[in-house]
Amino acid sequence: MIGYIGTYTKENGKGIYRYELDTEKGEFKSVETAAETPNATYLDIQNDRIYAIKKGKTKGGIATYEIADFETGELRFIDDCLEEGGSGCHLMLTSDQNYLVDTVYGSGEVRLYEVDDRGVVTDRLDVFQIEGDGPHERQDGPHAHFVTETPDRQYLTAVDLGADKLVTLKIEEGRLEKVAECKVAPGSGPRHLVFNETGDFAFIFTELSNEVIGAAYADGVFTPEEVYSALPEDFDDHSQGAAIRKHPNRKFLYVSNRGHNSIAVFKVDEEGKKLERIQIEPTNGDWPRDFNITPDGAYLICAHERSHNLVLFDINEDGTLTRRESEAEVPEGVFVGFL
Ligand SMILES: O=C1O[C@H](COP(=O)(O)O)[C@@H](O)[C@H](O)[C@H]1O
């Protein structure tokens, strides 16, 4: 199985790496540079395209690659769309494939780009500014961290760490219009979210409080309900929540804790609305910034931003993780994905 890692390029990282996982043996086979590009901190892999965050010297934007060879995962750079301003921290292609959207952590912006009929990002169309702040020292202003399409495909939801809120937006004639906002607990710092399978509930992972917030969802509006900690009750040191991913079988949810350096595993109830924490497993590295689950649901791969290693876990029948011996070196890894 071929996959990709997006990395910072502040130290030794090159941008985009491709790796091969031997799924029979349960070990990494190879890792090599796929594209040298500045700070490819998030990727969206869609059909034969990879869209990557790109940070130019004074400009920020998106690079489009073609997956030139599906056997090897070789990439071919097509073009980039760079404009004045910061670079994003998350991006996504809309399901109609007409737009790409990114979020800028530094400024709290959500930006809309045009995608042409070759699947290439060509132009930045609009910028939406999220407003607000929060009580934590890292909440001096808005810090937009994530954007996704809602399951009804009507809206986009942006998650803002600095303003403790979710903002629902609609694309109207190439512009981003606000539809609704949902405040979460002050100081929690929401980072990423996933929806359940029926599309009427979301799980939001917070960076500042390392918690999963369950929230009902209907027609652009979120209503927060239960909150679940991802850390052991007796842990009182520094930790920052990072990624949240659901298992393809819908029964389990996983989140990573940076500082505590662990992945918390939750069992999801039949309705896809309530969680039970069943494991907190050390990741065998420092700063598990991202991880992902192979499409067959058999393995979890975790990328560590500070210890520069990829760690492989078996996902057991009951959802728990068992670490494998096999590891691979990737500098400054911040995104994990698959072909
Ligand atoms: O999770 C995090 O992400 C933000 C945004 O990433 P950036 O590459 O756009 O800076 C980062 O600043 C923050 O330190 C980190 O915890």
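Residues numbered from 1 in each chain as written. Predicted model: local features only at pLDDT ≥ 70, side-chain atom pairs only at ≥ 80, totals over all residues. Heavy atoms only, no water.

Chemist: What am I meant to see in the site of the ligand here?
Modeler: Surveying the vicinity of the ligand reveals the residues Tyr8, Cys89, Tyr105, Arg138, His145, Arg191, Glu207, Gln240, Arg258 and Arg289. Within the contact set of the ligand, an oxygen atom lies 2.9 Å away from a side-chain nitrogen or oxygen of His145. Interatomic distance of 3.1 Å between a side-chain N/O atom of Arg258 and an oxygen atom of the ligand. Compared with its free state, where it exposes 370 Å², the ligand has 75% of that area covered by protein. For the shell around the ligand, a count of residues per class yields 3 nonpolar, 2 polar and 5 charged. No fewer than three residues from each of domain 1 (1-39 + 237-338) and domain 2 (41-229) sit in the shell around the ligand. (Near = heavy atom within 4 Å. Polar contact = N/O pair within 3.5 Å; in protein donor to acceptor, adjacent residues only side chain to side chain. Areas by Shrake-Rupley, 256 points an atom, 1.4 Å probe, with all protein chains shown as cover. Nonpolar A, V, L, I, M, F, W, Y, C, P; charged D, E, K, R; others polar. Domains from an automatic or database assignment.)

Chemist: So what exactly am I meant to see when it comes to the sheet that holds strand 20 (residues 240-246) here?
Modeler: Pairing between sheet strands relies on hydrogen bonds along the backbone, with the strands arranged either parallel or antiparallel. The antiparallel open sheet is built from 4 strands, whose spatial order is 20-21-22-23. The two strands at the open ends of the sheet, each matched to only one other strand, are strand 20 and strand 23 (275-282). Each strand of the sheet is rotated relative to its neighbour by a mean of 20°, with strand direction disregarded. As judged from the 7 bridges shared by strand 22 (residues 262-268) and strand 23, these two strands associate in the antiparallel manner. Opposite Lys267, over in strand 23, you have Glu276 as the bridge partner. (Pairing = 2+ DSSP bridges. Helix = DSSP H or I, 4+ residues; strand = E, 2+ residues; numbered from the N terminus. Axes fitted to C-alpha atoms, helices over the stretch in contact; angles between N-to-C directions.)

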